[in-house]
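# A closer look at the structure
The chain contents come next:
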Amino acid sequence: MRILVVHNHYQDVGGEDMVFHQEVDYLKQSHEVETLTFQNKKGWKGLLQYLSYPYNLWAAQKLKRKIKSFCPDVIHVHNIHYASGPILFRVAQQENIPVAFTLHNYRMVCPSALLFFEERRYMESIGKSFPWNAVKLGVLDHSIPKTFLTAFTYRLHAWLGTWSKVDAFIPLTSWAGRILMEGNLGIRKEQIFIKPNFISPLPFTLEETEEYYIYIGRLSVEKGVKQLFANFDNEAAPHLKVIGDGPLRALAPNRRNIELLGYLNRDKITHYLLKAKAVIIPSICLEGFPLALLEGMSLKKLIIISQEIAASEIIEDGVNGFKINPENFLSSLKEIDQREDLNAIAERGHQVFLDHFTPEKVMNQLNEIYQVIKDRKADQG
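Described below are features of the structure shown in this document. (Residues numbered from 1 in each chain as written. Predicted model: local features only at pLDDT ≥ 70, side-chain atom pairs only at ≥ 80, totals over all residues. Heavy atoms only, no water.)

### Re the pattern of salt bridges
For the coordinates displayed, the defined rule picks out 18 salt bridges. With a shortest N-O distance of 2.8 Å, Glu308 and Arg121 are connected by a salt bridge. Placement of the pair is Glu308 in the loop between strand S12 (302-306) and strand S13 (322-324) and Arg121 in strand S6 (residues 120-121), with a sequence separation of 187 residues. Residue Glu308 is classed as partly exposed on the basis of its relative accessible area of 22%. When its relative accessible area of 31% is taken as the criterion, Arg121 is described as partly exposed. With a shortest N-O distance of 2.3 Å, Asp245 and Arg249 are connected by a salt bridge. (Salt bridge = Lys/Arg side-chain N within 4 Å of Asp/Glu carboxyl O. Helix = DSSP H or I, 4+ residues; strand = E, 2+ residues; numbered from the N terminus. Buried < 20%, exposed > 50% of the residue type's maximum accessible area, 1.4 Å probe, protein only.)

### Section: the pairing of strand S4 (residues 99-103)
With five of its five residues buried, S4 lies for the most part within the structure. Residue alternation in S4 divides its side chains into two sets, Val99, Phe101 and Leu103 and Ala100 and Thr102, and both sets are buried. Summarising the sheet, strand S3 (residues 74-77) and S4 pair through three bridges and their orientation is parallel. Note on S4: the bridge partner recorded for Val77 is Phe101. A crossover links S3 with its parallel partner S4, the connecting element being helix H4 (residues 87-94), and its sense is right-handed. By the bridge criterion, four bridges tie S4 to strand S7 (residues 168-171) in an arrangement that is parallel. Looking at S7, one finds that Ala100 is bridged to Ala168. (Pairing = 2+ DSSP bridges. Right-handed = clockwise from strand over helix to strand, strands pointing away.)

### Brief notes about the sheet that holds strand S9 (residues 239-243)
With parallel pairing, six strands are arranged side by side in an open sheet as S10-S9-S8-S11-S12-S13. Unpaired on one side and paired on the other, strand S10 (258-262) and S13 mark the two borders of the sheet. Each strand axis lies, on average, 25 degrees off the axis of its neighbour in the sheet, ignoring direction. Sheet topology places strand S8 (residues 212-216) next to S9; five bridges connect them, and they run parallel. (Axes fitted to C-alpha atoms, helices over the stretch in contact; angles between N-to-C directions.)

### Considering the packing of aromatic side chains
Scanning the model with the defined rule gives 19 aromatic pairs in all. Summarising the aromatic geometry, the rings of Phe117 and Tyr122 are spaced 6.3 Å apart at their centres and angled 75 degrees between planes, so their arrangement reads as edge-to-face. Neither Phe117 nor Tyr122 differs from the other in exposure class; each is buried. Here Phe130 and Trp132 contribute two aromatic rings whose centre-to-centre distance is 4.4 Å and whose plane-to-plane angle is 45 degrees, an arrangement assigned as tilted. A relative accessible area of 8% means that Phe130 is categorised as buried. (Phe/Tyr/Trp six-rings, centres within 6.5 Å; stacked < 30°, edge-to-face > 60°.)

Shown next, in the form of structure tokens:
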């Protein structure tokens, strides 16, 4: 199969970029694959890109040229914010090529993207014909103009019927799929295919566990870092190693029991993971599918995850991990620490990873999605 994978890079590298690259690498093992990328710019160039977001004719022409030169059987889009935009799907429709769209966030239903604003869950946009309250609040970067233009972009294409003709929407979780159905965008159930992220199993040997917990990720409000640091800044708390960086890095120094390690390469992260007692994922936003969850499970580490995260749906509390209230980590950790079956729980979590989240399992799902939408398009003539 000839597959064209399209991606819009943000100004800063993030998890979506990693997913895009690893899926392309695996697809190339069994398909003819080419990529088409866009890059968000800063300054006046970025402003022009953003103003073109609702109907970017330049991006449309770029995709048409790529289609003409490569003749793909399927187009798979990962991100369209904001240098490309939804016009890509209209081009695919015009060329009669089946198109899939991985949804790494909730931007289609709310311009906040994470359904999060002012340090709490924000659900007011869901199901609205237009998210006027979100615009009034400026839920995107506290900017009314940016929030309006982003909301207008997605609603415009709902009114134009763009979304009703996309062959496959690919949310990362069942929860995200339900939100999409409630979004008042004209999307049908048969257009939705749930497919999670994956990671390659990390090579490891069992090492003696040390008495520390580990957090891996961006140091930002939506990740629950404030609550995490507040809970561990306590003489009764265990030791916490923090890997990552971000706007809240200044909260870590001089706190009891918290060691900030900053950005580390993959080998060093694995080294600290192997010795950790458990992986903590404290987000207070719904989030998509944090890779730290899969990294921990792949190494047979106990997973302690916030109940707020959509991907927590794969954790059965007390069976293959623990779901806890991110506001009350410390008391929950004390209860968990009294369990005598923690190794067995971590083993069951590892088995969930092997059953559902290896490259082979997830890429088989993706290949099946491609075949379904290709067959449907053929049946439609």
